[in-house]
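Here is what each chain is made of, one letter per residue.
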Amino acid sequence: MSTLAPERTALAPRVRSLLARRGPLLVVLAMTVYLAVTAKGFLGVANVTASLTQAAPVALVAMGLAIVVIGGGDDVVVGGIDLSIPATAALATAIVSDQLTTYGTPFAVAFALGILVTTVFGLLNAILVGWVGLSSILATLAVYVAVVGITRVVSGNRRIDVADPLIVAVRDTRVAGIPLAAVLMLIVAAVLVFVMARTPYGRRLQAVGGNRDAAIFAGIPAQRYIMSTFVIAGVVAGLSALLLIARGSGSSPGIDERLMVDMVLATFLGAAFTRRGTVTVAGSVLGALFVALLSNGLILSRVANAWVDGFKGVLILLVVAAAAARKSEEARA
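All figures in this text were calculated on a predicted structure; none of them were measured in a lab.

K.L.:
Now, about the overall build of the protein: what can you tell me, with residues and values included?
P.N.:
If you tally the helices and strands in the protein, you get 13 helices and four strands. Only carbon and sulfur atoms are counted for the fraction: they give 69% of the accessible area of the protein, which is about 15,800 Å².

K.L.:
Explain the side chain of Ser-136 to me, and be specific about the residues and the numbers.
P.N.:
Relative to the elements of secondary structure, Ser-136 occurs in helix H5 (residues 136–155). Excluding residues within four positions of it along the chain, Ser-136 makes contact with Gly-79, Gly-80, Ile-81, Val-129 and Phe-230.

K.L.:
How would you summarise the pattern of salt bridges if you had to cite specific residues and measurements?
P.N.:
What the rule picks out here adds up to five salt bridges. One salt bridge in this structure joins Asp-98 and Arg-158, with 3.7 Å as the shortest N-O distance. Here the residue Asp-98 occupies a position in helix H3 (residues 85–101), and Arg-158 occupies one in the loop between H5 and strand S1 (160–161), the gap between them amounting to 60 residues. Residue class for Arg-158 comes out partly exposed when judged on its relative accessible area of 37%. Lys-312 is the salt-bridge partner of Asp-262, the closest N and O atoms lying 2.8 Å from each other. Taken together, the positions of Asp-262 in helix H11 (residues 255–270) and Lys-312 in helix H13 (residues 305–332) put the pair 50 residues apart, joining distant regions of the chain.

K.L.:
Hey, could you go over empty space enclosed by the protein for me, with residue numbers and the actual values?
P.N.:
Under the criterion given, the structure shown has two cavities of 30 Å³ or more. Space inside the second largest cavity adds up to approximately 40 Å³. Along the walls of the second largest cavity sit Gln-54, Ala-55, Val-58, Asp-262, Ala-288, Val-291, Ala-292, Ser-295 and Lys-312, which together make up its complete lining. At the level of secondary structure, the elements contributing two or more residues to the lining of the second largest cavity comprise helix H2 (45–72) and helix H12 (281–300). Looking at which element gives the most residues to the lining of the second largest cavity, the answer is H12, with four residues.

K.L.:
Run through the packing of aromatic side chains, naming residues and quoting values.
P.N.:
According to the stated counting rule, one finds two aromatic pairs in the structure shown. Ring geometry for Phe-107 and Phe-111: centres 5.6 Å apart, planes at 20°, overall stacked. Of this pair, Phe-107 and Phe-111 both sit in helix H4 (residues 107–132), four residues apart, roughly one helical turn. Take Phe-107: its relative accessible area is 17%, and that puts it in the buried class. Classification of Phe-111 as buried rests on a relative accessible area of 17%.

K.L.:
So what's going on with the packing of H3 against H5? Which residues, and what values?
P.N.:
The geometry of H3 relative to H5 is characterised by a closest axis approach of 9 Å and an angle of 15° between their N-to-C directions. By the angle between their axes, H3 is roughly parallel relative to H5. When you trace H3 past H5, the crossing you get is left-handed. Residue-level contacts link Ala-87, Thr-88, Ala-90, Leu-91, Ala-94, Ile-95 and Asp-98 of H3 to Tyr-144, Val-147, Val-148, Ile-150, Thr-151, Val-154 and Ser-155 of H5. Here the residues of the contact of H3 with H5 are counted per class, giving ten nonpolar, three polar and one charged.

K.L.:
A description of the layout of surface pockets should follow, citing residues and the corresponding values.
P.N.:
Here the second largest pocket is characterised by a volume of approximately 380 Å³. Elements represented by at least two residues in the lining of the second largest pocket include exactly H2, helix H10 (222–248), strand S4 (250–251), H11, H12 and H13. Within the lining of the second largest pocket, the residues separate by chemical class into six nonpolar, ten polar and six charged.

Cut-off values and rules
- Per-chain numbering applies: the sequence of each chain, read as written, is numbered from 1 onward.
- In keeping with the predicted nature of the model, local features appear solely for residues at pLDDT of at least 70, side-chain atom pairs appear and are counted solely at 80 or more, and the whole-chain, interface and lining totals rest on all residues.
- Note that water and hydrogens are dropped before the side-chain values are worked out from all heavy atoms of the structure.
- Think of it this way: any DSSP run of H or I at least four residues long counts as a helix, any run of E at least two long counts as a strand, and we number them from the N terminus.
- Using a 1.4 Å probe, the Shrake-Rupley method yields the accessible areas, and only the shown protein chains count as cover for residues.
- Any two residues having at least one pair of non-hydrogen atoms within 4.5 Å are treated as being in contact.
- Every case where a carboxyl oxygen of Asp or Glu lies within 4 Å of a side-chain nitrogen of Lys or Arg is listed as a salt bridge.
- Between buried and exposed lies partly exposed: a residue is buried under 20% and exposed over 50% of the maximum accessible area for its type, with that area taken using a 1.4 Å probe on protein chains only.
- Points on a 1 Å grid, built from protein atoms alone, make a cavity when a 1.4 Å probe fits but cannot get out and make a pocket when they are open with protein on both sides within 12 Å along at least 5 of 7 lines; residues with an atom within 4 Å of a point are the lining residues.
- Grid points are joined across faces, edges and corners, and a volume is the space filled by probe spheres set on the points.
- Only Phe, Tyr and Trp rings take part, Trp by its six-membered ring, and two of them pair if their centres are within 6.5 Å. Stacked means planes under 30 degrees apart, edge-to-face means over 60, and tilted covers everything else.
- Between the N-to-C directions of two axes lies an angle of 0 to 180 degrees, each axis being a line fitted to C-alpha atoms and, for a helix, fitted only over the stretch in contact.
- In what follows, roughly perpendicular refers to angles from 65 to 115 degrees, roughly parallel to angles under 35, roughly antiparallel to angles over 145, and oblique to any angle outside these ranges.
- Should the near helix be turned anticlockwise from the far one by less than a right angle, the crossing is termed left-handed; should it be turned clockwise, right-handed.
- Residues are sorted three ways: Asp, Glu, Lys and Arg are charged, Ala, Val, Leu, Ile, Met, Phe, Trp, Tyr, Cys and Pro are nonpolar, and all the rest, Gly among them, are polar.

This is the structure in structure tokens:
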């Protein structure tokens, strides 16, 4: 009895540490195995291809959020967060769709206008957080609400169908069997991964997110770097409009709501795929792919959409709780 007690005492912290760091990943892997066995066609080419197309715009907005989290820190309460990304992406989608369909605007001009608008809102977030001093969660939530209203005005709260040849090409083209939308997403991911891992900007931004006080002491203008992340997120939100329009053959009301859930889940679930359990650009891409694959798998299993959304909500709680537990563990260490 006396020999087993110390062993149990020593084992408990290790189990807690494993659950804190790998709990969400274990749940996702368990769900993947379950769906592979029970859902017909889950690992088939058709479902994987559909999941890639579905995941592409989610991965883009998740990468934008990942950049903000990396710069502001991954504390879920006081760290970096940008909740306005799905709304600005939806606004760009409505603007581009409306310009192409209603006004016959050339694609390049319409797309540039969409990116310009999302970049302006990214700059607004940067000013609210960096200069005004609002917390990022409150500032970006306020911008989210305002942008949703603007989107309803722009779109007339109606669906806008788009048949532009470039949109059709992005929707239907395959490159070596891979959807073109996924290829474009991977190109953006490669650029952002390179910037974060191989450039002075990326290394300094990670230093700011890891320990802001130490970064300031080292002479890094931390506030300027944090502000830049919101602008980058705005640009990426604009880029995602192309993939959102292609995926839905136009713009539909309310796409920001589901995009919000998938973005947050993909970003923080992606942290479970990294060795240190931190948010990364590459991890957010993997997270988006798994979110799309699991969503389609649940639908193939004839699970109602409401239950699919409920599963995502539970998974978000799990990944956030795991992040909090990991922070607590690091603080005790």
